[in-house]
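In case you want the letters, here they are:
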Amino acid sequence: MNALLVDDSRLARTELRHLLRAFPEVTVVGEARHAGEARTQLQDLQPDILFLDIHMPGETGFELLASLDVAPHVIFTTAYDEYALQAFEVNALDYLLKPIQENRLAAALAKARTKLMAPVSALAPATGPEPEEPVPALLTEQDQVFVKDGEQCWFVRLADIRLFEINGSYTQIYFEQHRPLIPRTLQHLEQRLDARVFFRANRQQIINLKWVESIEPWFSNTLKIKLRGGGPEVEVSRQQSARFREMLSL
């Protein structure tokens, strides 16, 4: 597990490095003193785990997360206990109070290990051979994204998102029982999502093929799709219906 340490205190980073030596499966790949440095290192190093302080010069840890499209698993490390609820509202793995105790660190890393070792279901059939080199900006089902709608925040695995839908000038995301709105266009999302999993059904909707429950022939040789977990039925456009049939050999 590759880890990035983000804390404005050099002493705190040194102490955490020392504690992590007891866990040979963890490799500290970098350190950052503030959100700006962390943002650059997250992009360059792509760590599995982010040990994140809350109070730092400039942006807080929460503000850093809100600025990210994709984030690793987060373990907060802080001297303040009043942000624990907010931390778990963004689906942080754990919330460690300084000075960090080794048994609490071990429990947090066990959670991270469980998340990272969770099996990922096979991708939907591709229309051609896989590319020899991955596209850096590509988001796959293994990734998780930070979603903020007003005062509510979530870390959401893309595998758990069943539908993206235009709602005015925003895009609505369907996952679990939630329906938050984000200031992103479908075109922006489509360019970054794995096309083998996320399918542009029409001008208004992108579906996760893993959530398809049933497919029904519809008018003018189009298709109507029902998704598991609720939400609107999706009418696939004529052009995309032909592509859908070809993809899934229907």
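Residues numbered from 1 in each chain as written. Predicted model: local features only at pLDDT ≥ 70, side-chain atom pairs only at ≥ 80, totals over all residues. Heavy atoms only, no water.

### Re the nonpolar core
Soluble globular proteins tend to bury their nonpolar side chains together.
Alright, step 1. Among the nonpolar cores identified, the biggest contains 24 residues, and V6, L50, L52, L65, F76 and V90 are the most heavily contacted of them.
Alright, step 2. Among the elements of the structure, β1 (2–6), α2 (35–45), β3 (49–52), α3 (61–66), β4 (73–78) and β7 (152–157) are those that each provide at least two residues to this core.
Alright, step 3. In this view, L50 contacts L4, V6, L42, L65, P72, H73, V74 and I75; residues no more than four positions away in its chain are not counted.
Alright, step 4. Ranked by size, the runner-up nonpolar core spans 19 residues in total, among them M1, V26, V28 and A112. (Core = buried A, V, L, I, M, F, W, Y, C linked by side-chain atoms within 4.5 Å. Buried < 20%, exposed > 50% of the residue type's maximum accessible area, 1.4 Å probe, protein only. Helix = DSSP H or I, 4+ residues; strand = E, 2+ residues; numbered from the N terminus. Contact = heavy atoms within 4.5 Å.)

### Describing the pattern of salt bridges
Alright, step 1. One pass over the full model with this rule turns up 16 salt bridges.
Alright, step 2. In this structure, E31 and R17 form a salt bridge, with 2.3 Å as the shortest nitrogen-oxygen distance. One end of the pair, E31, is in strand β2 (residues 27–32); the other, R17, is in helix α1 (residues 10–20), and 14 residues separate them in sequence.
Alright, step 3. For E31, a relative accessible area of 25% puts it in the partly exposed group.
Alright, step 4. Overall, R17 belongs to the partly exposed group, its relative accessible area being 32%.
Alright, step 5. One network of salt bridges, in which partners are shared, links D7, D53 and K98. (Salt bridge = Lys/Arg side-chain N within 4 Å of Asp/Glu carboxyl O.)

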